[in-house]
Each structure stands twice: as structure tokens, then as C-alpha cells.
Amino acid sequence: MLRLDPRLDALVDSDAQVEKILKDQAAFFEGPVWVRTPSGGHLIFTDIASDAILALDCRTGLRIIADSFFDSSPASCVREIDLGSRRVQLKGPNGLALDRQGRILYCGYGPRHVGRLEPDGRRTVLAESFEGRRLNTPNDLVVRSDGTVYFTDSSAEMREPKDGRYRGVATSAVYRIAHGGLQMLHGDFDAANGLVFSPDERYLYVNDTRRKLIWRFDAGRDGPLGRRDLFADMNSDASPGVPDGMKVDMHGNVYCTGPRGLWVIAPDGTHLGVIQTRERLTNLAFGGAEGDTLYMTGPSYLWRIQLKVRGASLSGP
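Residues numbered from 1 in each chain as written. Predicted model: local features only at pLDDT ≥ 70, side-chain atom pairs only at ≥ 80, totals over all residues. Heavy atoms only, no water.

Brief notes about the overall build of the protein
Point 1. Summing up its helical and strand segments, the protein has zero helices and 28 strands in all.
Point 2. Its C-alpha radius of gyration of 18 Å places the protein within 12% of the 20 Å reference for a compact globule of 317 residues.
Point 3. Residues classed as buried in the protein amount to 57% of the 317 residues present.
Point 4. Considering only intrachain contacts with a sequence separation of at least 6, the fraction spanning at least 24 residues in the protein is 48%.
Point 5. Total accessible area on the protein stands at roughly 13,400 Å², and carbon and sulfur atoms take up 46% of it.
Point 6. Across the protein, 40 positive and 41 negative side-chain charges occur, with their mean positions spaced 2 Å apart. (Helix = DSSP H or I, 4+ residues; strand = E, 2+ residues; numbered from the N terminus. Rg over C-alpha atoms; globule rule 2.2 N^0.38 Å. Buried < 20%, exposed > 50% of the residue type's maximum accessible area, 1.4 Å probe, protein only. Contact = heavy atoms within 4.5 Å. Areas by Shrake-Rupley, 256 points an atom, 1.4 Å probe, with all protein chains shown as cover. Lys, Arg positive; Asp, Glu negative; His and termini not counted. Charge placed at Lys NZ, Arg CZ, Asp CG, Glu CD.)

Laid out in C-alpha cells, this is it:
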């Protein structure tokens, strides 16, 4: 059993177990999303190392939904990272989301575009360039209730694609796709990563992985983001882990990967505690029949824990 911070008692039972449900030492798991179906639902997530989108169903097991994103893009670029016990090449899709029609949207981290999987298996590129330069490493995305897609690009000025023509945008930034075009909303990041709306969509939270900060923006319906406030600073904790994936629950609490595991932060910025795990986390998703099961990905593992609250996007009947 992994330890839970006592300040989380209102959200998690004190005897709740963090359960490991999948292990693959060659993988790099990311982007979990719960897909509701008439029979209950299943989890989809990515393996950036194997360049695939996967689905895990308690009845049918693990299967590949789509793969070979990297090889189909001439602008593709591999990022290699050191996890301590192993080095891994990041070349496939990263963050996932569902649009209002239930189609899978993905951030092509290696292919350097944001795309959509069509019901017949085709892939539609939604965004790949800004002002004549290619996106660098699209990382995570979220869909607003009106269907607008927001996403982050976590790198700046990639120079080593398979084809040298595809120089990257000069900054890490957060974008939105709307009205058939791409708009940069904010570009002052070292590494823009996870993003999520508050339940009422008044605020957009965006974290900056290298700086270990979470920013809160006033989110207007159109045009640029408004006022930016510092929401959380994780630099006080030197333990392994950084802000990466983020979600919110039905009460507006922000759940973000960080040092020692998963940080939970109240809407007023109060740090409520950490759900501790033995491996750094990459992302998370609310799911299950009632929307109160929390799934967490790490490079090599998929975890889950039962909560007392539902995710914001799953809090309806």
C-alpha cells in the first residue's frame, strides 16, 4: 500500500490502495482518457516509445488502436530521454482527448502535428505549422465544451527532423484551433505541458515542466488568454517528479503530476497533499463506471486508485 497524505481524507479513503494494473519496462505511457460505452467503457492511452495508441478493457484486454504515426510524417523527430534505469526514444503520440463527436484527438509528439482519428481509421491533421514553421513536440490537449481544441507545444525550434526543411517554431507555447486556423495564445514557457479547464471554464491551467510551475489564465471565449497568475510552485520539493499531466475534479480541485507522485491543489491554490507513487507520473484521467476511478500513467506503469469524487467532465448523470 502506498501512503496518502491525511489532508486528502475528504477526497480519498485513508485505506485506499494505489493499484498497479500494467507494467512494461520498454514503454513510455502517457495520455490516458476514459471512453464511455454502452457496456461501461475502457481506457485509452499512448505509448510514445512504441509509437502507438492503446486501449485497455477489463473484458477484452490490451489492444492497439493505431500505430506508425512517426513513419508517416517527413517532419518526424525523435527525442531521447534518460530515465535513470534506461534510456527511451520518444517518437509517437503523446496526449489524447475526445472531441464532441467522440473521436480521438492526439498530440503527435514525434510526428510534430495535432491530429484526429476518424471512425474509418483515417487520420486527419488538424494543426502542424504556425507562421510558416513546424510545431516542435505537441504534448497535451483539451477540448472546451464548445468544441474548441487547446494544446501545448513543449519544445522550441526543433532542428533535427528526418527532413531538414522542417524548422520548428521558436518558442514553447499554448495554442488553440478555432475557425479553421491556429492561434498562439501564450508563448512564455520553458516547456508548456499539461493543461486543463476549471469546471466552469472560467480558467485555463497550464503548467511549465522545467520551471515546475502551474499558471492559471483567465479564459475568454475568443481571442488571447487574459490575466495570468501563478497557481502552484513545486520547486520546494526536490524529490523526483515534475508537473506534467493535469485534470480537475467536480469540485475544481486540480490534480497534477509532480514530485513524489500526484499533487492535489484546491481551487484557491492550497496544496492539499500528494498521492504518492514509487515511480514518477506522466499523466492521469478520471474514469470507471461512476467517473471516480483515477488512472495514472508512468513511463513503465499504469496505476489506478478509487476516489470519493468524480472528474469534472464525468460528473453528470
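Focus: the sheet that holds strand 2 (residues 29-35)
Point 1. Spatially, 2-3-4-5 is the arrangement adopted by the four strands of the open sheet, whose pairing is antiparallel. Each having just a single partner strand, strand 2 and strand 5 (61-67) make up the two edges of the open sheet. Averaged over all neighbouring strand pairs, the angle between strand axes comes to 25 degrees, with direction disregarded.
Point 2. Relative to strand 5, strand 4 (residues 52-57) runs antiparallel, the two being bridged by six bridges. (Pairing = 2+ DSSP bridges. Axes fitted to C-alpha atoms, helices over the stretch in contact; angles between N-to-C directions.)

Concerning the sheet that holds strand 14 (residues 138-143)
Point 1. Reading across from one edge, 14-15-16-17 is the order of the four strands in this open sheet, with antiparallel pairing throughout. The two strands at the open ends of the sheet, each matched to only one other strand, are strand 14 and strand 17 (181-189). Adjacent strand axes in the sheet meet at a mean angle of 20 degrees when their direction is disregarded.
Point 2. Strand direction decides the pairing type here: strand 16 (residues 172-178) and strand 17, joined by six bridges, are antiparallel. When the sheet's bridge partners are listed, Val174 is paired in strand 17 with His186.

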